[in-house]
Amino acid sequence: MTSAIPNAVHFFQQSCGRWRSQRSVHHLLHRRAEAGGSLIVVEDLDPDDQRLQTLAEQHGQSPGSIAGGSFVRWSASMAWDQNGDAHDGETIFGLIPDGDDGRSGTLLRDLGYAEKAPATSTFQMDQQDGLILCTSYETMTVWERFWFTSPNVRLRSSTVEGLSNNASFCMETRLSDDTVDITEAPAGAKDASLQPLSAPFGW
């Protein structure tokens, strides 16, 4: 099989750019769905980038094992937000393949989604070139699958099992150069069109 996206590093490189994310989260405990969204910026990092070198050392890994990574920033709002709630953040991703094809391995983060501490995930690409992540935290496990339907549209589904149980579906659309960029706005600023939306896990 010849893959359109040969490995995970290429998957993250194809994800670089600015994105508008729209999500529907189904909270199983409450039996209710919550709409949400965010603005996202993804930047490619060279394996020799000092931020990736530091990330590897933070996780007790050899810096030379990093094949690539990304710097991600987001600004989000949630339908059930209370006054003063903020969902802005940034994180570093580092990829450590466990084989020559680069389609499976370990993903390092300096900041987890469900818990605000460094996190480690396993990644694997399936036969449809979707990227599957599994992240285990102290109180929950998060399963995510990302895939492209076109170069400018990416979809994501996720399931959270544990203390908080929910499932979500997300559509992410690449923004053009003349669309609002969160890197040009003050920290915490939101695109007005996203005010009723949410993104519980950031990127």
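Asker: Quick question: what am I supposed to make of the overall build of the protein here?
Answerer: Looking only at helices and strands, the protein has 2 helices and 10 strands in total. Order of helices (α) and strands (β) in the protein, N terminus to C terminus: α-β-β-α-β-β-β-β-β-β-β-β. A burial count over the protein gives 45% of its 203 residues as buried. In the protein, of all internal contacts separated by at least 6 residues, the share reaching a separation of at least 24 is 54%. When the accessible surface of the protein is split by element, carbon and sulfur atoms take 50% of a total near 9900 Å².

Asker: Just to check I follow, could you spell out the packing of aromatic side chains for this structure?
Answerer: How two aromatic rings sit relative to each other is given by the distance of their centres and the angle of their planes. Within the structure shown, the criterion is met by 4 aromatic pairs. Centre to centre, the rings of Trp-147 and Phe-169 are 6.5 Å apart; their planes meet at 55 degrees, and the pair counts as tilted. Taken as a pair, Trp-147 in strand 8 (residues 140-150) and Phe-169 in strand 10 (residues 166-174) lie far apart in primary sequence, 22 residues in all. Through successive ring pairs, a cluster of aromatic residues spans Phe-11, Trp-19 and Phe-148.

Asker: Any chance you could explain the pattern of salt bridges here in plain terms?
Answerer: Side-chain pairs of opposite charge can arise whenever the charged atoms involved come near each other. A complete count under the given rule lists 8 salt bridges for this structure. A salt bridge links Glu-144 to Arg-156; the shortest N-O distance between them is 3.8 Å. Here Arg-156 lies in strand 9 (residues 153-162) and Glu-144 lies in strand 8, a separation of 12 residues in the sequence. Residue Glu-172 pairs with Arg-154 through a salt bridge whose shortest N-O separation is 2.8 Å. In this pair, Glu-172 sits in strand 10 while Arg-154 sits in strand 9, placing the two residues 18 residues apart along the sequence. Overlapping salt bridges bring together Arg-109, Glu-144, Arg-154, Arg-156 and Glu-172 as one network.

Criteria and thresholds
- Every chain begins its residue count from 1, and numbering advances along the sequence as written.
- In keeping with the model being predicted, local features are shown solely for residues with a pLDDT of at least 70 and side-chain atom pairs are shown and tallied solely at 80 or more, while totals for entire chains, interfaces and linings include all residues.
- Excluding hydrogens and water, the side-chain values take into account all heavy atoms of the structure.
- Helix and strand definitions follow DSSP, with helices as H or I runs of at least four residues and strands as E runs of at least two, each counted in order from the N terminus.
- Each residue is assigned to one of three classes by its accessible area relative to the maximum for its type, calculated with a 1.4 Å probe on protein chains only: buried under 20%, partly exposed between the two thresholds, exposed over 50%.
- What makes two residues a contact is simply this: any of their non-hydrogen atoms within 4.5 Å.
- Using the Shrake-Rupley algorithm and a 1.4 Å probe, accessible areas are obtained, with residue cover drawn only from the displayed protein chains.
- Put simply, two rings from Phe, Tyr or Trp (the six-membered ring, in Trp's case) pair if the centres are within 6.5 Å, and we call them stacked under 30 degrees between planes, edge-to-face over 60, tilted for the rest.
- Salt bridge, as applied in this entry: a Lys or Arg side-chain nitrogen positioned within 4 Å of an Asp or Glu carboxyl oxygen.

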